[in-house]
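Okay, here's what each chain looks like letter by letter:
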Amino acid sequence: MIVLGIDPGIALMGYGVVEFKSNRVKMIEYGVVSTSSKTRTTQRLKILYDNLNDIINEYKPDEFAIEELFFNKNVKTAIEVGHARGVQVLCAENNNLPIYEYTPLQIKQAITGYGRADKKQMQLTVKTLLNLDKLPRPDDAADALAVSLCHCFSQRFKEEFRI
């Protein structure tokens, strides 16, 4: 099974593609799609959609996992990220992918065994689990890989997380 994990964002959308086979995980690709704050929000959303659609068409994932948003004190940023997340979920739906969502706490718990793990601990664990030579960068890409891994490790519970 190939899983596409997304760390939602409007400035940076992290993505991580992993293969889960025989209880083993293998990194296929990861990265970010970036948009400029100087670009109109509607155009930024289109850029995210088009790039995500290209990623889906290239890697042909079987399932789509995305991080749930957590409360943000900056309302304008929270709304924009919410729009971006909606576009990302829509893209997965338009590609007929089963969609699963996980909270940051669920992701940290699945990856490190500790729901309050910090960024560095998460990155080190993702690097180890995927047998990478170096820490995945930027942070948004590492977070997306963590979402993918969380989904792989949550397979026996997956119906609970499907949206």
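As the structure is a computational prediction, the values presented were derived from the model and not from experiment.

(A) Layout of the pairing of strand β4 (residues 63-67). Most of β4 sits inside the fold, with five of its five residues counted as buried. Alternating positions in β4 separate into two faces, E63, A65 and E67 on one and F64 and I66 on the other, with burial throughout. The pairing of strand β1 (residues 2-7) with β4 spans four bridges and is parallel. Looking at the pairing, L4 lines up with F64 of β4. Sheet topology note: the β4/strand β5 (residues 99-102) ladder contains four bridges and is parallel. Bridge pairing links A65 to Y100 in β5.

(B) How the structure looks around the pattern of salt bridges. For the structure shown, the criterion picks out five salt bridges. We note a salt bridge from E80 to K76, for which the minimum N-O separation is 3.0 Å. With a gap of four residues between them, E80 and K76 both fall in helix α2 (residues 75-94), about one helical turn apart. The buried category is assigned to E80, whose relative accessible area is 16%. K76 sits in the exposed class, given a relative accessible area of 57%.

(C) Geometry of the sheet that holds strand β3 (residues 24-34). The mixed open sheet is built from five strands, whose spatial order is β3-β2-β1-β4-β5. Of all the strands in the sheet, just β3 and β5 have a single pairing partner and so form its edges. On average, adjacent strands in this sheet sit at an angle of 20° to one another, irrespective of strand direction. Contacting β1, β2 (12-21), β4 and β5, α2 runs over the sheet at an angle of about 170° to β4. Across the sheet, helix α5 (residues 139-153) is in contact with β1, β2, β3, β4 and β5; its angle to β2 comes to roughly 35°.

(D) Expanded view of the pairing of β3. Pairing between β2 and β3: ten bridges, direction antiparallel. Opposite F20, over in β3, you have V25 as the bridge partner. Adjacent in sequence and paired antiparallel, β2 and β3 are bridged by two residues, among which S22 carries a positive phi angle near 50°.

(E) How the structure looks around the nonpolar core. Counting residues in hydrophobic clusters, the biggest one holds 24 residues, and the most contacted among them are L4, I6, Y15, L52 and F64. When contributions to this core are tallied by element, the ones reaching two or more residues are β1, β2, α1 (41-59), β4 and α2. What I6 contacts, discounting residues up to four positions off in sequence, is M13, G14, Y15, L52, F64, A65, I66, E67, Q88, A144 and V147. Within the second largest apolar cluster, 22 residues are counted, among which are A65, V126, A141 and L149.

Calculation notes
- Residues numbered from 1 in each chain as written.
- Predicted model: local features only at pLDDT ≥ 70, side-chain atom pairs only at ≥ 80, totals over all residues.
- Heavy atoms only, no water.
- Buried < 20%, exposed > 50% of the residue type's maximum accessible area, 1.4 Å probe, protein only.
- Helix = DSSP H or I, 4+ residues; strand = E, 2+ residues; numbered from the N terminus.
- Pairing = 2+ DSSP bridges.
- Salt bridge = Lys/Arg side-chain N within 4 Å of Asp/Glu carboxyl O.
- Axes fitted to C-alpha atoms, helices over the stretch in contact; angles between N-to-C directions.
- Contact = heavy atoms within 4.5 Å.
- Core = buried A, V, L, I, M, F, W, Y, C linked by side-chain atoms within 4.5 Å.

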